[in-house]
Amino acid sequence: MDSLDRQLIHALYVDGRVPFSRVADVLGVSDQTIARRYRRLREQDVLRVRGRLDARRLGHVEWVIRLRCAPGAAIAIAEALAKRDDTHWVRLASGGTDVVCNVRAESEEERDALLLNRLAATRPVTAISAHCVMHTFFGGPTGWRGAASTLTEHQTTQLAPPEPVPGTLQPASLALDDADRVLLAELVYDGRASHARLAAVSGLNEATVRRRISSLRASGALYFDLDIDHRLFGYTGTALLWISVEPSQLAVAGRALAEHPEVSFAAATTGPTNLLASVLCADVYDLYDYLAERAGMLPGIRTMETAPIIRTVKRVGTMRESHE
């Protein structure tokens, strides 16, 4: 990637649905150049904009599932989980015997069906631990900071989505109907899908689609995330940190962790450990420096397990493109 690619990625980090004409104007190039660069990055599986829903705003619950697998079975299990619409961030960790994935349950019935039936019935799985995400310190709408390092403050201000004018938007209804679900499923696959495309798949008219997206964004229920291959930014030392801290220091340690530039996700969870982080470092040597000099200094820390990521099978969105 060259500097223009990185500027484009930063622009989409600011607003995933920003018009290419505005990006072109801010960066001083043509609309066609920006559109061509985005198509190339997307076709090479470097970048995709994804629509995401804030679980808390919708009353959903996020879980991180850790599966210990029999030797040789982890890849097949990870690939099967990646095909599910309710999974994201499916990764092979700890030497290739662990599969870790994030899932979202909209109800207790969905949670029980997943944890008690579907996963438990998978024979090559030798152990399961489920960690409920109780509080997110960093991640979700805040995004990964490594994608936001090239534009000036003035440029980011020019690209930022406009703040909703008080009184012009009704609060978004957080009870999604069938049309909403179809609309949002399309945005998960392609966060930059045109309003015409979204209207066609959802059965709504374009004006309704525009209003619904604006309302959901203004409410905080909908945001746009970048699905990026971090390796192309030079980050190969990736790991999950399963951390146990004193309960009285959980909030303080979580907030401190969220300030570390190496951290792409940090949350308080249930389970044998109470703090989970995903970290991105340049290489394993940089990862050591981070663990020894920063993560290990968190207040109230008891234990910390480092699980290196061997392969990311699925990042943010759906796997629909693999079936087309």
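Throughout what follows, the structure given in this document is the object of discussion. Everything quoted here is computed from the prediction, not taken from an experiment.

## A closer look at the pairing of strand β9 (residues 275-281)
Right, so step 1: In terms of residue burial, β9 counts as a mostly covered element, since seven of its seven residues are buried.
Right, so step 2: Of the two faces of β9, both are covered, the one formed by Leu275, Ala277, Val279 and Cys281 as well as the one formed by Leu276, Ser278 and Leu280.
Right, so step 3: Of the strand pairs in this sheet, strand β7 (residues 237-245) and β9 are connected by seven bridges, and their pairing is antiparallel. Residue pairing in the sheet places Ile243 in a bridge with Leu275 of β9.
Right, so step 4: Sheet topology places strand β8 (residues 263-269) next to β9; five bridges connect them, and they run antiparallel. Counted as the bridge partner of Ala268 is Leu275 from β9.

## As for the side chain of Glu62
Right, so step 1: Tracing the backbone through its elements, the reader meets Glu62 in strand β2 (residues 61-69).
Right, so step 2: In this structure Glu62 touches Ala55, His88, Asn102, Val103, Arg104, His131, Cys132 and Val133, once residues within four positions along its chain are discounted.

## A look at the pattern of salt bridges
Right, so step 1: In the structure shown here, the tally under the stated rule is 18 salt bridges.
Right, so step 2: The partner of Arg37 in a salt bridge is Asp5, with the nearest N and O atoms 3.0 Å apart. Taken together, the residues span a long stretch of sequence, with Arg37 in helix α3 (residues 31-43) and Asp5 in helix α1 (residues 3-14) at a distance of 32 residues. Of the two residues, Arg37 and Asp5, both sit in the buried class.
Right, so step 3: Between Arg315 and Asp45 there is a salt bridge, and its shortest N-O distance comes to 3.7 Å.

## A short note on unusual backbone geometry
Right, so step 1: Backbone geometry places Asp45, a non-glycine residue, at a positive phi of 60°.
Right, so step 2: Relative to the assigned elements, Asp45 resides in the loop between α3 and β1 (47-53).
Right, so step 3: What makes Asp45 partly exposed here is its relative accessible area of 47%.

## A look at the sheet that holds β2
Right, so step 1: The strand order β2-β4-β3-β10-β7-β9-β8-β5 describes a closed barrel built from eight strands, whose pairing is antiparallel. Adjacent strand axes in the sheet meet at a mean angle of 35° when their direction is disregarded.
Right, so step 2: Looking at chain direction, strand β3 (residues 87-93) and strand β10 (residues 301-314) are connected through four bridges and run antiparallel. Directly across from Ala93, in β10, lies its bridge partner Ile309.
Right, so step 3: Contacting β2, β3, β4 (98-105), β5 (125-138) and β10, helix α5 (residues 74-82) crosses the sheet at an angle of about 170° to β3.

## Focus on the pairing of strand β6 (residues 222-228)
Right, so step 1: With seven of seven residues buried, β6 is to be regarded as a mostly interior element.
Right, so step 2: Of the two faces of β6, the one carrying Leu222, Phe224, Leu226 and Ile228 and the one carrying Tyr223, Asp225 and Asp227 are both buried.
Right, so step 3: Here β1 runs beside β6; their pairing, made up of seven bridges, is antiparallel. In the sheet register, Gly51 faces β6, and the bridge partner there is Phe224.

## As for helix α2 (residues 20-27)
Right, so step 1: Within the sequence span of α2, burial applies to Phe20, Val23, Ala24, Val26 and Leu27. Buried residues of α2, seen end-on, are gathered within an arc of 165° and therefore sit on one face of the element.
Right, so step 2: Contacts from the buried residues of α2 go to α1, α3 and α7 (153-159).
Right, so step 3: Residue Gly28 follows α2 closely and has a positive phi angle near 75°.

Calculation notes
Residues numbered from 1 in each chain as written. Predicted model: local features only at pLDDT ≥ 70, side-chain atom pairs only at ≥ 80, totals over all residues. Heavy atoms only, no water. Buried < 20%, exposed > 50% of the residue type's maximum accessible area, 1.4 Å probe, protein only. Helix = DSSP H or I, 4+ residues; strand = E, 2+ residues; numbered from the N terminus. Pairing = 2+ DSSP bridges. Contact = heavy atoms within 4.5 Å. Salt bridge = Lys/Arg side-chain N within 4 Å of Asp/Glu carboxyl O. Axes fitted to C-alpha atoms, helices over the stretch in contact; angles between N-to-C directions. Arc of directions from axis to C-beta.

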